[in-house]
Each structure stands twice: as C-alpha cells, then as structure tokens.
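Descriptive structure summary
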Amino acid sequence: MATRFSFTIDATDGKSRTGRIDMLRGSIRTPAFMPVGTAATVKAMKPESVRATGADIILGNTYHLMLRPGAERVARLGGLHQFMNWDRPILTDSGGYQVMSLSELRKLTEEGVEFRSHLDGSKHMLTPERSMEIQRLLGSDIVMAFDECPRADQPRDVIAESMELSMRWATRSRDGFDAGGEHAARAALFGIQQGALDEDLRRVSAEKLTEIGFDGYAVGGLAVGEGQEAMFATLDFAPGMLPQDRPRYLMGVGKPDDLVGAVERGIDMFDCVLPTRSGRNGQAFTWNGPLNLRNARHAEDTGPLDERCTCPTCASYSRAYLHHLQKSGEILGAMLVTEHNLSFYQQLMQAMRDAIGEGRFAAFAADFRRDYLG
C-alpha cells in the first residue's frame, strides 16, 4: 500500500547512503537532486522533459508563488501539481530565505516577518502559521518549516539568537502543519537545522528539532557565501547530529563537486538553481568540468557537449550549434543547455547511487574530482 512518507536506506559506504523516500505521489531515489521550479516552472523545460532527465521530485517556491499568482488562486485551480502538470512529489521551501534575501523593508519580530514585495511593494506578513497555510494551499508533498537564515559572517550572538528564533518557529510550524487535516495526513514536514558554521549551535539546533520530531531534516544556513571549504568543514559534523533514520537535505547546493563532497558527508537530498541558471547563461556542466559555450573555441567544434552524456542535446546537437545559439541569444540555446545540465546532474546522482550500492564510493569520488576539477 502507498505510504504517506517512509525512508529506506538500501546501502551505506562510509558516511554516504543510498536508498529511497516513498510517498503517495511516488518514490524518490536518494541521493536526490531536485530541479528548482521557482514560479511553478523549471525554467526553459517542460515538466515531462524534467521527468525524462531522471528527476523524481522538484522544488517550488513559497515566497514567489504567494506573491504571484497567489496561493489561494493556485488552490482554486486544483493545486500546484495540476496547475503546472507535474504529478510527482513537490517540495516547497518555507519562504524564509527569500524574505531575507529579496524583499524590501522587512521587519523581523517574534511573530514573523513583515515585508514588502519585490514585485510591486505591497505589504505582506509571513509567519510560521501562514507559511504552513500557503504550502498546504499549494498542495506540497514535502513542506519545509519556516525559519530565518542569517548570513554566516554575522557575530556568534546574532547567529545564536537567530537559531533560537528558528527553533521556536519550528515548533509553531509543526503545530501549524499538524492542524492541516487532510493535507497533513498525506504530506511530510521537514525541520531545518541552523547555527551557521558553529558546531555547538548546530548541536543545540539538532537536539531541539529532534525533540519536536520531523519526517526529515535539512541542513540550512549554508551555501550563503561561506565558500566550499567552510561548508564542507560544517558538513563534517552537522549531518551526524541529525537522526540517522531520516533523510538529510542540504538546501541550495550546488556545484557538481559540492554534491559529491556532501554525499561523502552523509547528505541525501539537494536543490539548486545552478544547472538551469547556467543553462540560460551558456555554461554547460560536463564530466570534464564546466564549459562556457560563448567561448570562441567552440565555434567550429562538431563534437557533443559531453561524450559520456546520454541526453537528447548531446545526441543531436554540436558544440558549434550551441555556441551559435548562445551568441545569437536564441531561446533554443537556453532550452538545450538546460536540458543537458539537468540530465548531467541526474546522471551524476545515479552514478553516486550505483557507487554507494557497490561499495566503491571513495574511488568514484576520487575519479570524479580528477576528471571534473582537472
């Protein structure tokens, strides 16, 4: 029988794990990469094409969807899945990060965050309860607790205060989610660990979240400018503080070498705008590192983007043609490179799942870094 939410670990290799999350709308193979569908679309891709790359789940954005077209409107139109024609699981973020990074004139209180829309200056209030309500109206499968995400370079007392506020909001998020009736009976709720780069604060956060109890746990507050070395140093201890039997999600990460390093450290889920944003800007990810297709050296190259890639773009189009599309500003260029990048990311996730299952992840990671980082 289909289950609301379960997480099975099929194999481990060092700290890395492979398995699956089972939900009513389908299974998610882990480690999983979630393409970002900010405004109910993975940019430059049709939903069926996103699925064809191997994606089991996508991410939708609470902040953007609440402002346009509005969560109540999406609900009236049958929910986010029907609205955007994606019938598999969707994870929605809580809106907290975007409120901090995008909105103007925001005012933070114990209650929540009052802010002005970056679109039209209209005033809004986002609280843990309202974030849960918006994600319920959207029909999200994995709901994220509402939190505050401070910059990692803030003083420790500011980060500590922010973390404590996020933990109080986590309790309110749990209560708000549980009050959601039919939606709560079929969706899952993830808590978000905060504490920036500080081991003691991360431990306190993990303990409080575990006490509240969530279906999965995110490592938040990273990939906000601290750099890969500091991020990995934090991931050396942070995932291990979270329950072993629940999925661990690193939010907003990242470059292919970030993903490999994070899986090495016990992370199960990722999302990032990088493969789609780069696709629109002419950057392609390959097993031999990233390529800038605007570079003149590709102008007469009849080879594919990546010899090892099995995606439709690599099967049918040359680097020379993709270079031409990028230089000409043609929409097809963004579509084809985005399709390749998302396919490459899913091929990378599958290669990691296979390597963990076969107990050869360390060798895989070493080979990957040799080829990718040169």
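Each remark here, short or long, concerns the structure printed above.
Figured I'd write up the structure that's included with this text. Being a predicted model, the structure only gives us computed values, none of them experimental.

Observations regarding the packing of helix α10 (residues 228-235) against helix α11 (residues 256-264)
With their axes 10 Å apart at the nearest point, α10 and α11 run at an angle of 20° to one another. On the basis of their axis angle, the class for α10 and α11 is roughly parallel. Every pair of crossing elements has a handedness; the one defined by α10 and α11 is right-handed. Of α11, the residues touching α10 (which contributes Q228, M231, F232 and L235) are D257, D258, G261 and A262. Of the residues that constitute the contact of α10 with α11, the class distribution is four nonpolar, two polar and two charged.

Let's talk about the sheet that holds strand β1 (residues 5-13)
Pairing is antiparallel in the open sheet, where three strands are placed in the order β1-β2-β3. Edge positions in the open sheet fall to β1 and β3 (26-30), since each of these has one partner strand only. When the angles between neighbouring strand axes are averaged without regard to direction, this sheet yields 15°. As judged from the eight bridges shared by β1 and strand β2 (residues 16-23), these two strands associate in the antiparallel manner. The residue of β2 that forms the bridge with I9 is G19.

Observations concerning the packing of aromatic side chains
Throughout the structure, instances matching the rule amount to 13 aromatic pairs. Between Y63 and F115, the ring centres sit 5.5 Å apart and the planes meet at 40°, which makes this aromatic pair tilted. Of this pair, Y63 sits in helix α2 (residues 62-67) while F115 sits in strand β8 (residues 113-116), and the two are 52 residues apart along the sequence. The exposure class assigned to F115 is buried, which follows from its relative accessible area of 1%. Between F344 and Y345 the ring centres are 6.4 Å apart and the planes differ by 75°, which places this aromatic pair in the edge-to-face class. This pair shows no difference in class: F344 is buried, exactly as Y345 is. Taken together, the ring pairs in this structure connect F33, F285, W287, F344, Y345, F361, F364, F368 and Y372 into an aromatic cluster. The ring of F232 has R265 lying over it, and the distance from NZ or CZ to the ring centre is 4.2 Å.

So, the sheet that holds strand β13 (residues 248-250)
The strand order around the closed barrel formed by eight strands is β4-β5-β6-β10-β11-β12-β13-β14, and the pairing between neighbours is parallel. With direction set aside, neighbouring strand axes in the sheet form an average angle of 30°. Sheet topology note: the β13/strand β14 (residues 269-272) ladder contains two bridges and is parallel. The partner of L250 across the bridge, within β14, is F270. Packing against the sheet, helix α15 (residues 331-357) makes contact with β4 (32-37) and β14, and its axis sits at approximately 160° to β4.

Details of the nonpolar core
The biggest cluster of nonpolar side chains holds 78 residues, and the ones touching the most others in it are L235, L250, L259, F270, M352, F361 and F364. With nine residues, the single largest contributor to this core is α15. Ignoring sequence-local partners within four residues, the contact set of F270 consists of A32, F33, M34, Y249, L250, V253, L259, A262, V263 and M349. Within the second largest apolar cluster, 20 residues are counted, among which are F5, M23, A188 and Y249.

Let's talk about the pattern of salt bridges
In the structure shown here, the tally under the stated rule is 28 salt bridges. For the salt bridge of K208 with E164, the shortest nitrogen-to-oxygen distance reads 3.4 Å. Note that K208 is positioned in helix α9 (residues 199-212) and E164 in helix α7 (residues 156-178), a separation of 44 residues in sequence. The exposure class assigned to K208 is partly exposed, which follows from its relative accessible area of 32%. With a relative accessible area of 29%, E164 lands in the partly exposed category. The residue E358 makes a salt bridge to R360 at a minimum N-O spacing of 2.6 Å. A relative accessible area of 53% means that E358 is categorised as exposed. Ionic contacts of the salt-bridge type, sharing partners, join the residues D236, E264, R265 and R369 into one network.

Some points on the pairing of strand β9 (residues 123-126)
Two strands pair when backbone bridges link them, and β8 and β9 are joined in this way by four bridges, in the antiparallel orientation. Across the sheet, F115 pairs through a bridge with H124, a residue of β9. Hairpin connection of β8 to β9: six residues between the antiparallel strands, including G121 at a positive phi of 80°.

Some remarks on the side chain of T18
Note on placement: T18 falls in strand β2. Taking relative accessible area as the criterion, T18 reaches 8% and is therefore assigned buried. For T18, the residues in contact, after removing those within four places along its chain, are T8, I9, D10, A11, T30, P31, R353, I356 and G357.

With respect to the packing of α11 against helix α16 (residues 361-373)
The N-to-C vectors of α11 and α16 enclose an angle of 160°; their axes lie 11 Å apart at closest approach. Regarding the angle of α11 to α16, the classification is roughly antiparallel. Along this stretch, α11 crosses α16, giving a crossing that reads as left-handed. The segment α11 lies against α16, with P256, D257, V260, G261, V263 and E264 engaging F361, F364, A365, F368, R369, Y372 and L373.

Cut-offs used in this document
Residues numbered from 1 in each chain as written. Predicted model: local features only at pLDDT ≥ 70, side-chain atom pairs only at ≥ 80, totals over all residues. Heavy atoms only, no water. Axes fitted to C-alpha atoms, helices over the stretch in contact; angles between N-to-C directions. Helix = DSSP H or I, 4+ residues; strand = E, 2+ residues; numbered from the N terminus. Parallel < 35°, antiparallel > 145°, perpendicular 65-115°, else oblique. Left-handed = near helix turned anticlockwise from the far one by under 90°. Contact = heavy atoms within 4.5 Å. Nonpolar A, V, L, I, M, F, W, Y, C, P; charged D, E, K, R; others polar. Pairing = 2+ DSSP bridges. Phe/Tyr/Trp six-rings, centres within 6.5 Å; stacked < 30°, edge-to-face > 60°. Buried < 20%, exposed > 50% of the residue type's maximum accessible area, 1.4 Å probe, protein only. Lys NZ or Arg CZ within 6 Å of the ring centre and 35° of its normal. Core = buried A, V, L, I, M, F, W, Y, C linked by side-chain atoms within 4.5 Å. Salt bridge = Lys/Arg side-chain N within 4 Å of Asp/Glu carboxyl O.

Keep in mind that these numbers describe shape and distance, not what the molecule does.
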